[in-house]
Amino acid sequence: MEEPPATVNTIPKTRDYQQEMLDASLKENIIIAQDTGSGKTLIAILRMRYEIERGSQKVSWFLAPTVALCNQQHSVIKDNMQVPVGLIHGGLEPKQWTDVTLWKRVLGNNRVIVSTPQVLLDALSHGYVHMGLDISLLIFDEAHHADRNHPMSCIMRDFYFSLPPRLPAAHGSSVTIEQDERPMVLGLTASPMFGGNPTAAFRKLEANLDCVIRSPRANRDELLTHVHRPIFRHVRYDTPQYSDRNYTSKNLSAVEAVLATMNIEEDPFVIQLRQKLAKTARGPEYTRMDQKLSKAIQGKKTYSHGGMNDLANAGKAICYDIGPWAADWYIESVVSRALDKQTPWDELIGTLQPKEKNYLMKHLSQIKLTPLSYDPTDIEAGITDKVRILLETLEYEKDWSESSNEPYSGLIFVTRRDGVLALSEVLRNLPRSAHFRLGCLLGSSQSSYRNTFLDITRTLLKDQAQADVLEGFRSGDRNLIVATSVAEEGLDIQACGNVIRWDIPDNMASWAQSRGRARRRRSSFVLMFESSGIDDARVAEFEKLEAQMTALYLADRASRPTVSSDDEEPDPDEPVFKVKSTGAVLTPLLAVSHLNHFCAVIPNSVNLPIYDIDPPDMPEGWHSFDPATRVVPPPYPGPFGCTLTVNTLQNNLHTDTLHTRHTFALYNANLLNEHLLPLTSTVEPDLGEEVKNLLKDVEKRSSMASVTSQMNPWQDELTDAAWTATRIVIPGFSPIRMLTRVDLPSFAAGEAPVLYHSRKGRIDVELQAQGVARHSASDLQAAHESTRRLFWCLYGIRMQWDKFDFAYLFEPAEEDTERDVWDARRRWLRDLQGEESSGDDLFANAATFGQAFSHPTDITWIRDGFPYGKVYRFLGWRHDPLSEEELQDFMARYSRMPEMEITYPLLHVEELPPRRNFLQPLSSISDVPLRRSFLPPQSSRIVLLSQVQCDHAILLPSIIRHISIAATAVSLRESLLTGTPLYQVPLTRLITAITAPVAQGHVNYQRLETLGDAVLKFVMSMHLIATYPFWHEGYLTRRKDHAVSNSRLAKEAIRLSLYKWIVRDRFAPRKFKPQYFTTGEVNEITEDAVAGDPSQGTPKVPEDLSTKMLADVVEALIGAASLYGGYNFGIECTRLFDLGIGSKAGWQPLEVYIEKALSCVETVEVSTPTTDIERMLGYTFTHKLLLLEAITHSSYQFDSRTVSYERMEFLGDSVLDLIITEHLYHYPGKQFTPGQMHIRKSAVVNLHFLTYICFKCSLEKDASLPRPTRDGIVMDEETQEISLYQSLLHSSSVVFDQQRATLARYRKMKDEIEEALLHGLTFPWAALTRLQAPKFFSDMIESIIGAVYLDSRGNMDVVRQVLRKLGIMQQLERNLRDDVDVLHPLTRVYIWAARQQKELTSAFEEERGHVTCTITVEGREPVQATAEKRGRASQEEARFAAAEKAIQLWDIRANDGIKDA
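Bear in mind the structure is a predicted one, so any value in this text is a computation, not a measurement.

Trainee: In this structure, what is going on with the overall build of the chain? I would like to understand it.
Mentor: Of regular secondary structure, the chain possesses 52 helices and 38 strands. Residues counted as buried form 54% of the 1461 residues belonging to the chain. A separation of at least 24 residues holds for 76% of the contacts in the chain among residues at least 6 apart in sequence. A total accessible area of about 65,000 Å² is found for the chain, and carbon and sulfur atoms account for 50% of it.

Given below as structure tokens:
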């Protein structure tokens, strides 16, 4: 059904001024200039809906400058559109969307896309989005940003103006013709300029966006009634003299005193640089290090000195602006937090080298802090006049609001982040401001630059999350917010009635935006002026500019500029480069991000390209000049040259120009693809094609493959040789001889058939080869007849009496003493019948037979009815009358035959045991009595076979089945494995590996497949780690996924015709049919076939076979090989199947891989101490750099010799998986199924449990430090617990915050988790999930495991010892020993749904800082659970909670699923 067009019925009725602007936007490109709160977003929504309703298949793209604004606008647009609305921002990693089809899907699924400008600019520059073909409408929110090199301006300049102008739609046409043309443009702003000349600013913005700035003219009066301009007020305050040295605080003076004692030459960073420089040969690296050292000394820009200066400068600024008390509070808070944990592992300064940490901590501890007084009198005495005026203003504004029965709500805008914190602390602690419910809003700076106290000051904000602060303000729970500019632009804060600018706005846009936050009908806007009057002129300028802008709005502005100003004409020396095939574009501005991204994906790099400026800033060796005479050289006026170097390229790229030509050089060197992305191997150019292949999607094969049928060993291996004999010895039964036309396998000890009899238990059958059978034609004829009799008695319904070409024959191996007796009885029956027999000579009427032979007792089997009635074991003749009970049973049995007369003797019989598949092991020997009854002789038949023949008839199908499967395995060994070490793999292992579960045999490949899967991933990981030392984890994982995917394994299995050896025909003894040389319908048997002519064999019939089954058998064979000969045998098996490795790379033994991997590890001294980590692990590393690699996060910036842990994590993941799988496979007394192994393994390798291990693994360290007292320096004796997670080397504020937040949750949940792990009967999934841990915690554990494996040269026992030291093995053993319920609730719900044959789905929704998971199943009420949004971890928590809720509400039993799994 065609989707109905979108309508505007659900949107509030537009006002006339909004309709005026909407109509204008349909005619031309415009920028709507209206005050905040006037409904600009509604106009944009109506404009987008019009674009959809006119039938355009292109998208409308809405651009907002910040992620917060994108989220807000997406929510509003989505709620008012009837089509999908997509949201793309940096958090979704759009730079990783390197698949064109992914972008096409995004554009196809969404009619409206909301994003930041940078996202669209990147997509356009890489050719994933084509503006002319994909976008019909561009909307720029906060359009005043489209200036100079802002992404908004770049989008227009680089991609819009080069397109053909938009053609007007044909008059009266209802069909939209999609063309490559400019999209329509709509801008939204409250202030079209930042400052300067309004006319010039308008023209510039209009030229940049190809628009005309419009504001309502015809309906301007209506606009003014809906825009509530706040009352403008200003207040004046006195300022202290900044040059007055006496105006300071005690703690600030203490910081400055310590700072004065610090010598830059004693800084460990400088010392380390000098040492490195002395060891470095002259060259580019020497020059860089020389410059770095000179600049560090000249500017005192080391971490320690720079940080102390930052602290002093921040304290000065706060002291001058807010007061000495605030400065004292800030310095005390920062220093106290830094000294709170005083070991080199302190997370707050985790980016430092140990010596730098100790140096900084030493000087911080020397700061003599003065205890802070919170007495209101002391606070009042320590604040500036500016704060006092602010307090008076707040009181006045509160009274003014409440005088109109409106509750007070206010925003204070402060420029500095530390100023927000200090001012908030003052307001919280003064009684005069106690009636204000305070909150703070700060920008979310994620800078990775080395700023000493940035991460500390971020933690000083103790309030709730920013989203909660905003929500509390809207709801009235908070009535005053102190904020940076994060709340200034675009965020919807409807409740605000008072805005106070602590600092004068920097520009016109900031003026308009902050004033626009006062949204109530009755509101005020207050500026704080210095009493000196220096701010008056600035404010007057803003008011004058606003009046001029209003005049321009009202003027007739019919035309718009078509060219930008002269100062931005393109430089002909730096041409724009465009890839024709994709439309990807390279400009000078875009080239910077291209180069940075190129270097970021190169392993072993420091994430940025290196630019060597010529000439350098400082004279060579400046750092070694005499400090008394060295001077800073004057700035060099130019010209400059620049050399770009990418460290890990084999050939450095050099050019004398900047970014564009560098990137163009990379493209010409085939290091960038057609989208200008580094998707070929940047470090190994000869592997470019290899990387192109691995970056394709993992091949999706059909789930079924057309193959020929399973081999028939009785036909496919047929030779022209004579019949050969094999004596089959069955203990407890008479032996029998088997004749075949194929060579039977030579069964070694333990390989012959083992039968499990319900009465006699285990029977070890022995097969004795007797060579060629010297049989005459009559002997063979007798063997054919003997075989037919054996099988006809039980399976005749599926046989034809005249069909003799059996693939195997059976004859007595010893003289049967009863043979003559039964031969005579069969002759009697033939004579009695007087006609040619058709099998009837095997079944004699019991009454007639009894009379003829005087009711003999050597009978074995009786059939109830004829010809194929149920078979019973004969017990005897009953001559005596039946008892009353026996008579009732007899009459009930024959109640449908009222004419039945009881004539004696009756047949006393017993049911045969139901068991016919004697290959299946017995749980115990059965002693359950079989049902006995009486049969009337006149309607029953005697089976004319001896006891020996009956025994053989029921046992032989199981023996034949075993021989058949064994022959298939032997055929596989002789065909594929000859000449390889795999030929030695025992036959029993091969049989298990090739037997599919569908065959329902006593063994199948499932357990071996699980083991083989783990071995395959492990050996493939080792191959990749050793073969591609420069590949990052993304390439390695993708290559492994290709190699071990079911599609690849199935393809290789088909290539080797493995399908013909897979045993997949079901063995059902009750439906047994003997093998013939030919097949066909009854009565269509040829004469040659009856004679056993092999040339008439059955043609192979195509069949559809699951590709998963093919892949499973490959993995099972790998498992079987590794069980017999270790991991190198597993590698031999992978060599057989190749798996796309090819001869160039080749498969090698593990020892070779390990040596190759270790050869890439430098054997150098490391500065980072590793002893504590090694103590935690119980293992000492030989190659220390391996350990450093295992604990190095990708953000770490201080050691280019060490790559981040991703490669070791890639290896460690497979090592851990293999060790746990092997432990479960070999666990004594259990034969865990694959599903049971999976759920038990999942409990100890999941992210949550490994995070717990990362925190729990710890040791006690001496943390004693000297402390000054009145009596001198004393040592404070103290120890501190150091956890493994704290050893992570990183340079990321985000990681700091995540470590801190996870630690808080760990401390809260630790006792509950530990109690459950040690003593509980249910695995603590709930408590572990609530840790909400980021992935890097578990990655760290896995990377350490990988490093230990390599360093120990592949010693798995050493790795197991480390796992035991970590506590992983003990937990696994405890789970197994105490049968702990480890099934994840979500898995339990899915298993339950599958058993109910109902589809189960789960979906996530994000709203207002929370994630809600909804689980739905047919016929049940959906269940929901919500968690606070903290990234992907919160989704897991919500889904887990929803699963637990579903188990309760849907009455899913606690033990459901665990056995099914």
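This is not the end of the story, as more comes after the structure.
Trainee: Teacher, can you tell me more about the confidence of the model for the chain here?
Mentor: Low-pLDDT stretches of the model should not have their predicted coordinates read in fine detail. With 78% of its residues at a pLDDT of at least 70, the chain reaches an overall mean of 80. Confidence drops under pLDDT 50 across residues 342–350; counting only partners more than four residues distant or on other chains, this segment forms 36 contacts. A low-confidence stretch, residues 445–452 stays under pLDDT 50, and its non-local contacts, those more than four residues away or across chains, total 22 contacts.

Trainee: Would you take a moment to explain the side chain of Thr-726 for this structure?
Mentor: Mapped onto the fold, Thr-726 is located in strand β19 (residues 724–729). The buried category is assigned to Thr-726, whose relative accessible area is 8%.

Trainee: Would you mind going over the pairing of strand β38 (residues 1423–1428) with me for this structure?
Mentor: Moving residue by residue along a regular strand, the side chains alternate between the two faces of the sheet. Residues Val-1423, Ala-1425 and Ala-1427 point to one face of β38 and are all buried, whereas Gln-1424, Thr-1426 and Glu-1428, pointing to the other face, are not buried. In the sheet, strand β37 (residues 1410–1417) pairs with β38 via six bridges, with the strands oriented antiparallel. The residue bridging Val-1411 from the neighbouring strand is Ala-1427, located in β38. Joining the antiparallel neighbours β37 and β38 is a turn of five residues, in which Gly-1419 adopts a positive phi near 85 degrees.

Trainee: What should I look at first to understand the packing of helix α33 (residues 1006–1027) against helix α34 (residues 1033–1044) in this one?
Mentor: If you want to describe how two helices pack, look at the angle between their axes and the distance between the axes. Between α33 and α34, whose axes approach to 10 Å, the crossing angle comes to 135 degrees. What the angle tells us is that α33 and α34 run oblique. Pair α33 / α34 crosses with right-handed handedness. For the pair α33 and α34, the contacting residues are Leu-1016, Lys-1017, Met-1020, Ser-1021, Leu-1024 and Ile-1025 in the first and Leu-1036, Arg-1039, Lys-1040, Ala-1043 and Val-1044 in the second. Here the residues of the contact of α33 with α34 sort into seven nonpolar, one polar and three charged.

Trainee: In this structure, what is going on with the pairing of strand β1 (residues 30–33)? I would like to understand it.
Mentor: Both faces of β1 are covered, namely the face carrying Ile-30 and Ile-32 and the face carrying Ile-31 and Ala-33. Alignment of β1 against strand β7 (residues 212–214), held across three bridges, turns out to be parallel. Counted as the bridge partner of Ile-31 is Ile-213 from β7. Note that β1 and strand β6 (residues 184–189) share four bridges and pair parallel. When the sheet's bridge partners are listed, Ala-33 is paired in β6 with Thr-189.

Cut-off values and rules
- Residues numbered from 1 in each chain as written.
- Predicted model: local features only at pLDDT ≥ 70, side-chain atom pairs only at ≥ 80, totals over all residues.
- Heavy atoms only, no water.
- Helix = DSSP H or I, 4+ residues; strand = E, 2+ residues; numbered from the N terminus.
- Buried < 20%, exposed > 50% of the residue type's maximum accessible area, 1.4 Å probe, protein only.
- Contact = heavy atoms within 4.5 Å.
- Areas by Shrake-Rupley, 256 points an atom, 1.4 Å probe, with all protein chains shown as cover.
- pLDDT = per-residue confidence, 0-100.
- Pairing = 2+ DSSP bridges.
- Axes fitted to C-alpha atoms, helices over the stretch in contact; angles between N-to-C directions.
- Parallel < 35°, antiparallel > 145°, perpendicular 65-115°, else oblique.
- Left-handed = near helix turned anticlockwise from the far one by under 90°.
- Nonpolar A, V, L, I, M, F, W, Y, C, P; charged D, E, K, R; others polar.

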